[in-house]
Amino acid sequence: MGLHSPNILLTLTAALLATSLVAVHAAGTDRPISYDERSMIINGKRELVFSGSIHYPRTQPQMWPELFERAKAGGINCIQTYVFWNYHEPIQDQFQFEGNGDIIKFFKVAHQHNLWVSLRVGPYIAAEWNQGGFPYWLREIPNISFRNYNEPFMFHMKQFTEMVLNMMKKEKLFAPQGGPIILLQIENEYGAVQATYREDGAKYIQWAAQMATSLYNEVPWVMCKQPNAPPEVIETCNGRHCADTFKGTNGPNKPMMWSENWTAQYRAFGDPPSQRSAEDIAFSVANFVAKGGSFVNYYMYYGGTNYGRISSSFVTTRYYDEAPLDEFGLPRDPKFGHLRDLHRALKLSKKALFKGKMSEEKISEVVRAVVYEKPGDANTCAAFVINNNTKIPTTVKFRGADLYVPAKSISILPDCKRVVFNTDTVVAQHSSRNFVTVNTDFNLDWEFYREPVPTIDALPIKNQFPLELYSLTKDASDYAWYSTSVNLDRRDLPMRPDMLPIMQIQNNGHAMVSFLNGELVGFAHGKLDAKQFTQESPVNLRPGINHISLLGMTLGIQNSGAHMEKRWTGPDTLVIKGLNTGTLDLTQNNWGHQVGVGGEKLQLFTEEGAARVKWTADTGLGTPVTWYKAYFDTPPGNDPLAITMDSMQKGQCWINGNSIGRYWASFITPLGKPSQSEYHIPRAFLKPEKNLVVIFEEAGGIPHNITILTVNRDTICTLVSEVTPPSVLSFERKENQLRSIVDGVKDGAQLQCPAGKVIEKVEFASFGDPIGACGMYSLGKCHYPNTQIVVEEHCMGKNNCTIPLSREAFGNGDSCPETFKVLAAQVKCSFAAGTP
């Protein structure tokens with residue numbers, strides 16, 4: 001049966017199981033990484049781990065140092081990523097680890113920034129990634145069944161897992177070797193499909209755990225969303241509110257770990273924006289830690305960009321833009337800053353969390369306190385005062401003092417005396433993202449080349465009926481041409497000119513452009529939750545030969561669910577209705593096929609490829625299946641760049657031969673806008689001048705409104721109340737005491753521009769009851785008229801400033817003295833005068 005036999009593996013690994021459990025998992029050993037029911041123990045110390053998901057293929061190596069620096073500034077001490085099998089082995093036994101696939105470099109850069117790494121080996125990853133990370137060739141292994149107790153699948157899964165672990169060991173990247181990797185994951189959310197496979201599902205998950213730990217057992221392994229996880233791995237939670245939804249680990253010596261705290265939600269084309277507030281995330285994390293959790297990973301902390309064709313079906317090119325670091329790597333405040341403050345508050349409480357004994361007391365019907373306290377040591381005490389009421393704030397008595405607790409919030413008291421953080425009270429600054437136009441159509445001279453629409457005779461692959469699209473393209477392209485022909489007599493056609501026949505095409509997904517005799521008939525598509533669609537269009541058939549050509553399109557392969565290897569898509573049936581002779585079924589009429597479009601084979605998106613065809617100055621006709629090209633110079637500075645695509649319909653875009661992903665501007669959300677308008681251009685793709693931008697437009701968009709943009713978050717704001725607790729940044733723990741860092745704990749509202757920039761303008765300022773959000777503030781009924789002057793005096797020309805929060809600082813003019821005052825200030829940052 002060979003070494004790949006799961007039966008042999010089970011026999012070999014069962015003998016190692018008891019030893020590995022004792023060696024790795026027991027706390028108090030001299031191993032660098034261990035754990036118990038309370039936490040992970042790293043180099044002999046219990047640790048609170050705040051991890052952030054950053055996927056190396058969804059960014060560029062030039063961005064890694066800055067992303068890691070910003071993550072550390074946000075209180076992150078660990079980076080989580082998957083390994084992307086199909087990215088590294090697109091062709092069986094041919095591996096690539098270059099560019100943004102250089103996982104070794106990614107980990108080494110993280111290590112240089114003193115960040116730990118949580119490595120999710122998978123090899124199944126979901127991740128809104130094409131086919132969940134499985135390479136297409138895996139589908140074609142005889143008798144394979146993905147994620148099942150299936151010998152062919154387990155052989156290849158083990159082979160890839162072993163290769164990855166050996167790479168890490170060779171580069172000494174595991175923590176016991178002095179590297180950053182402290183945690184590993186095998187499989188991913190298998191509990192969602194396990195029941196489908198019945199007994200084989202249970203056998204498979206046991207095999208997966210034993211296989212993983214037998215290959216490497218010096219750091220812990222986890223399985224997320226895996227009820228009754230095998231004893232040698234830790235079950236972890238995924239979701240938004242794991243303190244409420246997670247029943248806890250299934251073993252007495254396993255810590256509570258949260259492997260995916262969703263910072264928003266990924267978006268599919270056609271989806272409206274996804275939102276999750278900073279306050280809700282902070283509440284969920286504080287609640288989890290209060291309950292005993294010690295590991296939280298934000299999915300995603302930086303989502304990045306789905307370059308090329310890497311996303312799963314219908315997922316947008318921009319990934320988790322609502323994360324603490326947005327798609328361009330810029331801090332999304334207040335989410336970034338509020339979570340940074342939360343992490344600091346929890347770290348100030350760390351000693352009590354790990355050395356204290358937990359107790360809970362009910363303070364009122366809706367408020368309770370969770371206290372971690374070491375008996376006999378007044379300096380080792382931390383408290384969480386939790387108000388579960390979603391609408392009503394309240395004041396309660398806690399340890400002899402009055403404590404105001406906003407609605408649906410948790411106050412953190414690292415010394416059981418002083419509130420240093422409240423999940424609902426945002427002290428961190430806010431920001432608004434700006435897109436600044438650099439190049440418009442007036443200086444982008446577009447040229448076009450139209451892709452020839454082929455007929456059946458020109459297509460190399462013949463079959464009686466249309467071939468299934470995935471198995472035809474083998475994931476080498478989004479596109480495949482289909483063509484058939486029909487010879488009609490004049491008597492077959494309607495006699496009246498207003499009675500056109502109807503061409504009906506049923507398609508299993510994802511999208512399609514149809515042509516009759518080289519002329520556009522129409523464009524149609526499905527959507528994420530309903531991929532099948534029907535295109536019905538009147539057609540002007542002619543006597544004699546009629547050529548019907550279809551460009552079938554995929555938008556990635558589904559990333560989740562059972563029996564993934566059996567997914568299929570593409571044109572299904574074609575009939576002509578309304579002929580004098582009745583309905584004509586052309587489904588089995590003999591078809592020609594071709595994988596990809598001609599421009600892909602010619603590589604028209606490169607300088608060399610573009611020279612292979614004749615381009616014509618764009619006339620603005622907006623023809624389908626058309627290539628466009630233009631040139632632009634790189635804007636000065638370091639701000640990220642983007643390109644707007646709202647005047648186009650659907651297609652792909654390249655910059656200097658590098659794909660920046662799929663665009664789909666014509667898929668309008670219920671809000672009347674595209675799901676994504678701006679597409680990230682990494683500066684790493686650019687040269688100083690004459691950058692080539694190439695677009696393949698599938699359905700007929702017009703490029704004349706495309707613009708090149710710079711991106712910044714130079715609009716920053718503060719919105720704080722005079723009764724807001726002091727910032728957690730005002731405190732430190734020194735000599736086991738919680739101490740104030742500044743003179744007078746309440747130091748005011750703070751603003752800070754991006755590095756190298758200063759405050760050039762105060763765009764709004766009000767101390768009273770202002771309304772709105774950053775970028776959209778307006779005056780309320782109550783306002784101190786001197787506010788603008790006070791903010792300017794404290795902030796103009798500075799990189800950062802502190803604005804006092806006392807009524808005395810704003811002088812006279814209080815028209816509502818009984819009302820708590822709120823300061824709202826919005827400023828614009830820019831480079832100081834004379835800065836190159």
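Residues numbered from 1 in each chain as written. Predicted model: local features only at pLDDT ≥ 70, side-chain atom pairs only at ≥ 80, totals over all residues. Heavy atoms only, no water.

> Go over the overall build of the protein, please, and point to the residues and values.
When you go through the protein residue by residue, the secondary structure sums to 14 helices and 44 strands. Expected size for 836 residues packed as a compact globule is a radius of gyration near 28 Å; at 30 Å, the protein falls within 12% of this value. Seen through its principal axes, the protein has C-alpha atoms that stretch 95 × 75 × 50 Å. The long-range share in the protein, meaning contacts at least 24 apart out of those at least 6 apart in sequence, stands at 73%. Counting only carbon and sulfur atoms, one obtains 51% of the accessible surface of the protein, whose full area is about 32,600 Å². Mean positive and mean negative side-chain charge positions of the protein (80 and 83 charges, respectively) differ by 4 Å. (Helix = DSSP H or I, 4+ residues; strand = E, 2+ residues; numbered from the N terminus. Rg over C-alpha atoms; globule rule 2.2 N^0.38 Å. Contact = heavy atoms within 4.5 Å. Areas by Shrake-Rupley, 256 points an atom, 1.4 Å probe, with all protein chains shown as cover. Lys, Arg positive; Asp, Glu negative; His and termini not counted. Charge placed at Lys NZ, Arg CZ, Asp CG, Glu CD.)

> Can you break down the pattern of salt bridges residue by residue, with the values?
The final tally for this structure, using the stated rule, is 37 salt bridges. Across the pair Asp 814 and Lys 821 runs a salt bridge, and its minimum N-O distance is 3.3 Å. Here the salt bridges share partners, and the residues they tie into one network are Asp 321, Glu 322, Asp 326, Arg 332, Arg 433 and Arg 713. (Salt bridge = Lys/Arg side-chain N within 4 Å of Asp/Glu carboxyl O.)

> Pulling in residues and values, what's your account of the UniProt feature "domain: SUEL-type lectin" (unreviewed entry) in the protein?
Residues annotated in UniProt with the feature "domain: SUEL-type lectin" (unreviewed entry) correspond here to residues 749-830. When the span residues 749-830 is considered, its composition is 11% helix and 35% strand, and the gap between its end C-alpha atoms is 20 Å. (UniProt positions renumbered as here; feature names shortened; annotations may be inferred.)

> Could you give an account of the packing of aromatic side chains, with specific residues and numbers?
In this description, a pair of aromatic rings is defined by centroid distance and the angle of the planes. Under the criterion given, the structure shown has 43 aromatic pairs. Aromatic pair Phe 174 and Tyr 216: ring centres 4.0 Å apart, planes at 20°, arrangement stacked. One end of the pair, Phe 174, is in the loop between helix H5 (151-170) and strand S7 (181-186); the other, Tyr 216, is in the loop between helix H6 (198-215) and strand S8 (221-224), and 42 residues separate them in sequence. When its relative accessible area of 0% is taken as the criterion, Phe 174 is described as buried. Ring pairs connect the aromatic residues Tyr 56, Trp 64, Phe 68, Tyr 82, Phe 84, Tyr 87, Phe 106, Phe 107, Trp 129, Tyr 299, Tyr 319 and Tyr 320, which therefore count as one cluster. Just above the ring of Tyr 124 sits the side chain of Arg 147; from NZ or CZ to the centre is 3.6 Å. (Phe/Tyr/Trp six-rings, centres within 6.5 Å; stacked < 30°, edge-to-face > 60°. Buried < 20%, exposed > 50% of the residue type's maximum accessible area, 1.4 Å probe, protein only. Lys NZ or Arg CZ within 6 Å of the ring centre and 35° of its normal.)

> Residue-level account of unusual backbone geometry, with values.
Omega for the bond connecting Gly 122 with Pro 123 falls within 30 degrees of zero, at -5°, which places this linkage in the cis form. Cis rather than trans, the peptide bond between Asp 333 and Pro 334 has omega equal to 15°. Structurally, the position occupied by Pro 334 is in the loop between strand S11 (295-302) and helix H9 (335-348). Look at Asn 43: it is not a glycine, yet its phi comes out positive at around 50°. Positionally, Asn 43 belongs in the loop between strand S2 (40-42) and strand S3 (45-47). Located in the positive-phi region is Glu 128, a residue other than glycine, with phi close to 55°. Mapped onto the elements, Glu 128 comes out in the loop between strand S6 (116-122) and H5. For Glu 128, a relative accessible area of 11% translates into the label buried.

> Describe in detail the state of the cysteines, supporting the description with residues and values.
Using the criterion set out here, one finds six disulfides in the structure. The disulfide bridge from Cys 717 ends at Cys 774, spanning 2.1 Å between sulfur atoms. The chirality of the disulfide connecting Cys 717 with Cys 774 is right-handed, given an S-S dihedral of about 70°. Residue Cys 717 is found in strand S38 (residues 708-721), and its partner Cys 774 is found in the loop between strand S42 (757-768) and helix H14 (787-795); the two are separated by 57 residues along the sequence. Cys 774 matches Cys 717 in its accessibility class, with the two residues each being buried. Across a sulfur-sulfur distance of 2.1 Å, Cys 753 and Cys 829 are joined as a disulfide pair. Around the S-S axis, the bridge from Cys 753 to Cys 829 shows a dihedral of about -80° and counts as left-handed. Of this pair, Cys 753 sits in the loop between strand S41 (749-752) and S42 while Cys 829 sits in strand S44 (residues 822-831), and the two are 76 residues apart along the sequence. Since its relative accessible area comes to 1%, Cys 829 is described here as buried. Of note for the protein: the bonded cysteines, numbered N- to C-terminal, pair according to 1-2, 3-4, 5-7, 6-12, 8-11, 9-10. Unpaired in terms of disulfides, Cys 78 finds its nearest cysteine sulfur in Cys 224, a separation of 15 Å. (Disulfide = S-S within 2.5 Å.)

> How would you summarise the sheet that holds strand S21 (residues 461-463) if you had to cite specific residues and measurements?
On the basis of which strands lie adjacent, the open sheet formed by six strands has the order S21-S30-S22-S27-S24-S25 and antiparallel pairing. Every interior strand has two partners, whereas the edge strands, S21 and strand S25 (519-525), have only one. Strand-to-strand, the axes of this sheet are offset by a mean angle of 20°, without reference to chain direction. Across ten bridges, the pairing between strand S22 (residues 479-488) and strand S27 (residues 544-553) is antiparallel. By the bridge assignment, Ala 480 is partnered in S27 with Gly 552. (Pairing = 2+ DSSP bridges. Axes fitted to C-alpha atoms, helices over the stretch in contact; angles between N-to-C directions.)

> Can you lay out the nonpolar core for me, pointing to particular residues and giving the numbers?
General note: in soluble globular proteins, nonpolar side chains tend to be found buried as a group. Leu 119, Met 168, Leu 184, Leu 342 and Phe 384 are the most contacted members of the largest nonpolar core, which has 129 residues in total. Leaving out residues up to four positions away in the same chain, Phe 384 has contacts with Ala 286, Val 289, Ala 290, Leu 346, Leu 353, Arg 368, Ala 369, Val 370, Tyr 372, Ile 410, Ser 411 and Ile 412. Ranked by size, the runner-up nonpolar core spans 29 residues in total, among them Phe 269, Leu 641, Tyr 679 and Ile 708. (Core = buried A, V, L, I, M, F, W, Y, C linked by side-chain atoms within 4.5 Å.)

> Talk me through H14; I want residue IDs and the actual numbers.
Helical periodicity: at 3.6 residues per turn, an α-helix aligns residues three or four positions apart in one direction. Listed as buried for H14 are Thr 787, Val 790, Val 791 and Cys 795. The buried residues of H14 occupy an angular sector of 110° when projected down its axis, which confines them to one face. On the buried face of H14, the contacting elements are S42, strand S43 (800-803) and S44. One or two steps after H14, the chain reaches Gly 797, where phi turns positive at roughly 80°. (Arc of directions from axis to C-beta.)

> Describe the side chain of Thr 554, listing the residues and the values that go with them.
Within the fold, Thr 554 resides in the loop between S27 and strand S28 (571-579). Exposure remark for Thr 554: the relative accessible area of 3% places this residue in the buried category. In this view, Thr 554 contacts Leu 469, Tyr 470, Ser 477, Asp 478, His 510, Thr 569 and Arg 662; residues no more than four positions away in its chain are not counted.

> How would you explain the confidence of the model for the protein if you had to name every residue and give the values?
On average, residues of the protein score 93 in pLDDT, and 95% of them are at 70 or above. Scored below 50 in pLDDT, residues 1-28 makes 46 contacts in the model with residues more than four places away or belonging to other chains. (pLDDT = per-residue confidence, 0-100.)

> How would you explain the environment of Ile 548 if you had to name every residue and give the values?
Here Ile 548 is to be found in strand S27. Distance in space between the C-alpha atoms of Ile 548 and Leu 686 is 41 Å, their sequence separation being 138 residues. Discounting chain neighbours no more than four positions away, the residues touching Ile 548 are Tyr 482, Ser 483, Thr 484, Met 503, Phe 515, Leu 516, Leu 574, Ile 576 and Leu 586.

> Which residues make up the pairing of strand S14 (residues 377-387), and what values go with them?
When a strand is regular, its side chains alternate between the sheet's two faces. Counting buried positions along S14 gives nine out of eleven residues, so the element sits mostly inside the fold. Across eight bridges, strand S13 (residues 367-374) lies against S14 in antiparallel orientation. The residue of S14 that forms the bridge with Val 367 is Asn 387. In this structure, the hairpin formed by S13 and S14 is closed by a connection of two residues, where Gly 376 is found at a positive phi of approximately 85°. For S14 and strand S17 (residues 409-413), the ladder comprises five bridges, and the chain directions are antiparallel. By the bridge assignment for S17, Ile 386 is matched with Ile 410.

> Please give an account of the pairing of S17 that cites residues and values.
For S17, a buried count of five out of five residues is recorded, marking the element as mostly surrounded by other parts of the structure. Of the two faces of S17, the one lined by Ser 409, Ser 411 and Leu 413 and the one lined by Ile 410 and Ile 412 are each fully buried. Relative to strand S18 (residues 421-422), S17 runs antiparallel, the two sharing two bridges. In the sheet register, Ile 412 faces S18, and the bridge partner there is Phe 421.

> Could you give me a rundown of the sheet that holds S2, with the residues and numbers involved?
Sheet architecture is open: three strands sit in the order S1-S2-S3, paired in antiparallel fashion. The open sheet has two edge strands with one neighbour each: strand S1 (33-35) and S3. Across the sheet, the axes of successive neighbouring strands diverge by a mean angle of 40°, strand direction being ignored. As paired elements, S2 and S3 share three bridges and run antiparallel to each other. The residue of S3 that forms the bridge with Ile 42 is Lys 45.

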